[in-house]
Every structure is written in structure tokens, then in C-alpha cells.
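Observations on the three-dimensional arrangement
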Amino acid sequence: MTALTLSTAAASGLRVDAIVVGVAKGAKGPVVAPGAESVDKAYDGKLASVLETLGATGGEGEVTKLPAPSGFKAPVVLAVGLGTVPEKDETYGTDALRRAAGTAARALSGSKKAAFALPAEDAEDTGAIAEGALLGAYSFDAYKENGSAKGKDAKGPLGEVALLGGKPRDKAYKAAVERATAVAEELNRARDLVNTPPNDLNPEAFAAVATAAAKEHGIKVQVLDEKALTKGGFGGILGVGVGSDAPPRLVKLSYTSSKAKKHLAFVGKGITYDSGGISLKPAGHNETMKCDMAGAAAVFAAVVSAARLGLEVNVTGWLALAENMPSGSATRPGDVLRMYSGKTVEVLNTDAEGRLVLADAIAKASEDEPDAIVDVATLTGAMMMALGSRTFGIMANDDAFRAAIHDASEEAGEPSWPMPLPEHLKKGMDSPTADIANMGERMGGGLVAGLFLQEFVGEGITWAHLDIAGPAFNEGGPFGYTPKGGTGTAVRTLVRLAERTAAGDLG
Ligand code: BES
Ligand code: MN
Ligand code: ZN
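Bear in mind the structure is a predicted one, so any value in this text is a computation, not a measurement.

Quick notes on the rules
- All chains use their own residue numbering, which begins from 1 and follows the written sequence.
- Following the order in which they are written, the chains are lettered starting with A and the ligands numbered starting with 1.
- pLDDT decides what is reported in this predicted model: residues at 70 or higher carry local features, side-chain atom pairs at 80 or more are listed and counted, and totals for whole chains, interfaces and linings draw on all residues regardless.
- In computing side-chain values, all of the structure's heavy atoms are included and hydrogens and water are not.
- By convention in these notes, a residue is near a molecule or strand provided one of its non-hydrogen atoms lies within 4 Å of it.
- Within 3.5 Å is the distance limit for a polar contact, defined as a pair of N or O atoms, with the added protein rule that one can donate a hydrogen and the other accept it, and that residues adjacent in sequence qualify only through two side-chain atoms.
- Only the protein chains shown count as cover for residues, with accessible areas throughout obtained via the Shrake-Rupley method and a probe of 1.4 Å.
- Only DSSP runs of H or I covering at least 4 residues are called helices, and only runs of E covering at least 2 are called strands; the numbering of each starts at the N terminus.
- Residue ranges assigned to each domain were obtained from an automatic or database domain assignment.
- Each of two parts loses accessible area, computed with a 1.4 Å probe, when they are put together; buried area is these two losses added.
- Salt bridges, as used here, are contacts in which a Lys or Arg side-chain nitrogen is within 4 Å of a carboxyl oxygen on Asp or Glu.
- Any residue outside Ala, Val, Leu, Ile, Met, Phe, Trp, Tyr, Cys, Pro, Asp, Glu, Lys and Arg is labelled polar, Gly included; the first ten of those are nonpolar and the last four are charged.
- A pair of strands counts as paired when DSSP detects no fewer than two bridges linking them.

This paragraph deals with the site of ligand 1. Taken together, 16 residues surround ligand 1, and among them Lys 281, Asp 292, Asp 351, Glu 353 and Gly 381 come closest. Within the side chain of Asp 274, an N or O atom sits 2.9 Å from an oxygen atom of ligand 1. About the coverage of ligand 1: the protein hides 78% of its 520 Å² of free accessible area. Among the secondary structure elements, those contributing two or more residues to the shell around ligand 1 are strand 10 (263–274) and helix 11 (381–387).

If you want it as C-alpha cells, here you go:
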């Protein structure tokens, strides 16, 4: 992955491919952002007007390249738009910096090294720039020309970033860069897992990746295979996986800290491919369904991040892995499954499979009596309809916990919005045959799915459900630090939640 360093060097003497500066949208045209004073000076203080002549406005996402001033060792200055100039006494904020750094890193793919001179006020800002650069420099080349980043179409990510103005000897700056590196590396690995084609990433393969990483980072790992799942009575996970030649798995990852006072359990939906099963998805709705394990990938990345950061909180990750396929052995609409919790579920639609695997994993996770359970899932098209493709929905059985997760997501720069769990929608899941059906009213389908999951949460346990169906997979063009394809959404929210919990912020 891209290497990061903090540097106090002057921009002029750096042998890099480009110097990155910030430009913002002022009332009377573009304004050069702080951090680039020496660069501006080398243009005789005319950088803003040069940029204006070139058509730059300072708008977010804008990239303008110009020849470096004479005397500079670097050939190019790249000005990245930061959006509107902040009000007096306010700063650009971590979110704008993270996105601008990502845009710049993307624009520099194929380059060896760049120096970033963006307006960082403190260690937190520097951490955000580091995170944005590492996330923006992502590329998925494993399937291009013999897996080489040098393939015809693949330029490969920016190799190295020097953060100018950073304080290499300051503890807070060093910690911020270390944190950004650990989280971005694990998040990019989650993206890789989402992008890996489903013929190569089945439940067994995912479990193997998780097992190897867990061993590397001192995380305890337990994998329940189809035999163990049968013995344990995991009817939901088995019912979803039974139509596939690749059998299901339930992976438990346990990170523990000797200083922990709290225990969080994260549960991820890990459908390595969702064809819909016998309720087969029509063509046009299944091309991207390798992304249906993005929840499990996010949980995996968050647990490994917590371990790498040595957070003083216990974090258990549950990966509910299955492939949803139609076949002669597949679950039929009309079948009744006996779930791990003992409840029976009438499967009315085999495409509502995520809630079935999650229900078993949530019930199992409840046995440890964690302080809270958070499940993460690409659960419903309805949530995508409601919130669009960049915002995930949060449902919970506790208002304060839902608000805490929303706060954590805002701090992390991952858009989310609180959603309700209206009791009256439960009626739609009444089944004449079983305790509950796996489908209810079409309207409010995302909330219906949340209400279904709530039935499997252990008594008295605080629980939240993140429906990431919209932001998990970017079908449009890249923006900011978000690439096309797998995005790694929810990783940073979970890590932030774990950090806040470790700090005692959650009671
Ligand atoms: N994995 C899908 C949800 C999804 C849709 C994720 C689009 C990402 C993008 C889920 O398993 C599903 O098929 N849900 C159904 C539920 C319905 C049958 C009750 C849906 O949303 O249509
Ligand atoms: Mn489905
Ligand atoms: Zn699904």
C-alpha cells in the first residue's frame, strides 16, 4: 500500500512527482488554502490568479495541474478543490480535508511520490489527510493482466505521500498517522474482499482469509463449518446456504484487551453471492451481488483495526457467511426453517436471505451478553430507495445508542441517518404456519427487515442495525476518496464507536 511520512521539508527542494496544494472557493474567486504559502510565494503570490485563469474555482472535487514554479525540484503543482472557504475562526474540517486528499491521490495514480501541503491545523486534521490519501490511492488490480498493477489499463496507486507541515517528532501526529494507516489498510482490504469475484470468494475462502488475519493480529478465531452449524441448529444460515455447492460458515473473531471495561459485538451479513435463490433476481439486479458480503467485510476490518490499535475494549466479530443460490437442494418459498434461537420462520421469499443468516448470528452473539450488538448488512433495496446510494440507515432498540452511532458515523465522515422501527409493521410478518415470516409489507421494507432482526436480539441487550445497501458498492464514478466498486463503508463508524466505547463515552 501507499507509504506515508510526516515531513518538515520545504516544498521547493522535494524530488517528488507533484506538490499538492489546496484551493478554496472564496467570495471573489479561488483562494489558496493555508499550508501552501511557500508555493504561492514562488509564484510571486499569484497562484490564486493563475488558478483562476486556468478556470479553477476551488469547488470540491476539482483538480488543476500546473507547472511548478522555477527553482522547484518537482515538475508539477496539483491544486485540489476544498469547497467554500470556511467562516472566520473556523477551519476546513476533517471531512473536507479527507475528501480533498482522496481526490488528489486518485488524480495522481501512476505517480511514484507526492508531497501534500494541505491546510492541517492539528494532528486530527493531519490524520484525516492521511486517511483520505490512503483511501483515495486504492486500486483493485488483482484480475488485470496477470495480477500486475502495470497492466495496460491499470496505472496502480500513488506510491508514496509526504505530509508537509506534519510534526514527525510529535506524539499526537505520529499516533494520528499510525491510526490512519491501520484503519485505511484494513478498510482497503475490506474493499478487496467486496471486489473479489464470487467464484473466488465463497464462504470457505472468506473464512480462510479471516482466520489468517486473526492469527497475524492475535485475535482468537473460531470457524463453524456446515457440520458444526448443523449440530448447533443454525437453521437460518443453513437454510440460506443449502442451495449452493459452497457450504456456509459462521466465523467468530474475538479481540480482547486486558484493560477493557466494555464488550461490543459486531455482526456482519456475509452473502458471498446473492442470486436471490429460488426467488431468483431478474437480470439487471444480480451483476453487483458479489457486494452482499460487505457487512461481514466491514466487521472483519473493524475487529482487525481494533486489535492493531490496541483499543481498550473487547470486540467480537461475527461473520455470517453463505452463498444464496437456486438448485434442487435450495430452500423453497414456503419452507419453514427452525432458527438457532428456536423460533420458526416461514420463508416466503428466498431473496430475503440476509435477515435469516443475521438472525442466527445475532442470537448466538447474544449468548455472550455483550454491552451492545451492532449488525451491518446490505439488507434491503428499500433502504437504498429511502436514503440513496451514499447514506446508510441506522435502526436500534435504544434511542441513545442509535444517536451515538450516528455521531460516530459523522465523526468518521460516513453519512448515515436514523430510521424508526414502527411496531405496526410487525403484523405484516405474521405467518399462518410459523412463528414469523421472512417478509412483510413492501412499503417500509428496510424497517420491516429491522423489525425481523429485532426478534432475535437477546433479552435486555442494546442493539443497532446498519443497513448499508446503498453506500456499500459504488456503481457510479469515483469521488473524493471513494473508488468505484466496494467502498468499505461502516468500517470507520465501527472503529470510531469502539474508540468511544473504550474512552467510556457510551456510559
Ligand atoms: N442483498 C439484497 C439487498 C440489496 C439490494 C443490496 C440492492 C444491495 C443492493 C437483499 O438480500 C434482498 O434481496 N432484499 C430484498 C428483500 C425483499 C425480497 C423482501 C429486496 O430488498 O428486494
Ligand atoms: Mn437477497
Ligand atoms: Zn442479500
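This paragraph deals with the domain arrangement of the protein chain. Accessible area lost on assembly of the parts is the figure often given for the size of an interface. Here the protein chain is partitioned into domain 1 (3–165) and domain 2 (188–502). Each of domain 1 and domain 2 has a C-alpha centre, and the two are 36 Å apart. Between domain 1 and domain 2, roughly 1,300 Å² of surface is buried when both sides are summed, and carbon and sulfur atoms account for 56% of that area. Between the two partners, domain 1 and domain 2, sit one salt bridge. For the pair domain 1 and domain 2, the number of links is nine residue pairs in polar contact (both at pLDDT 80 or more). Those elements giving two or more residues to the side of domain 1 that touches domain 2 turn out to be helix 3 (94–107) and helix 4 (123–136). For the side of domain 1 that touches domain 2, the element with the most residues is helix 3, which contributes six residues. Here the side of domain 1 that touches domain 2 is built from residues that sort into five nonpolar, four polar and five charged.

On to the sheet that holds strand 13 (residues 344–346). In spatial order, the strands read 12-13-17; together these three strands make up an open sheet with mixed pairing. Lying at the two open borders of the sheet, with one neighbouring strand each, are strand 12 (336–338) and strand 17 (436–437). As paired elements, strand 13 and strand 17 share two bridges and run parallel to each other. In the strand pairing of strand 17, Val 345 is matched with Ile 436.

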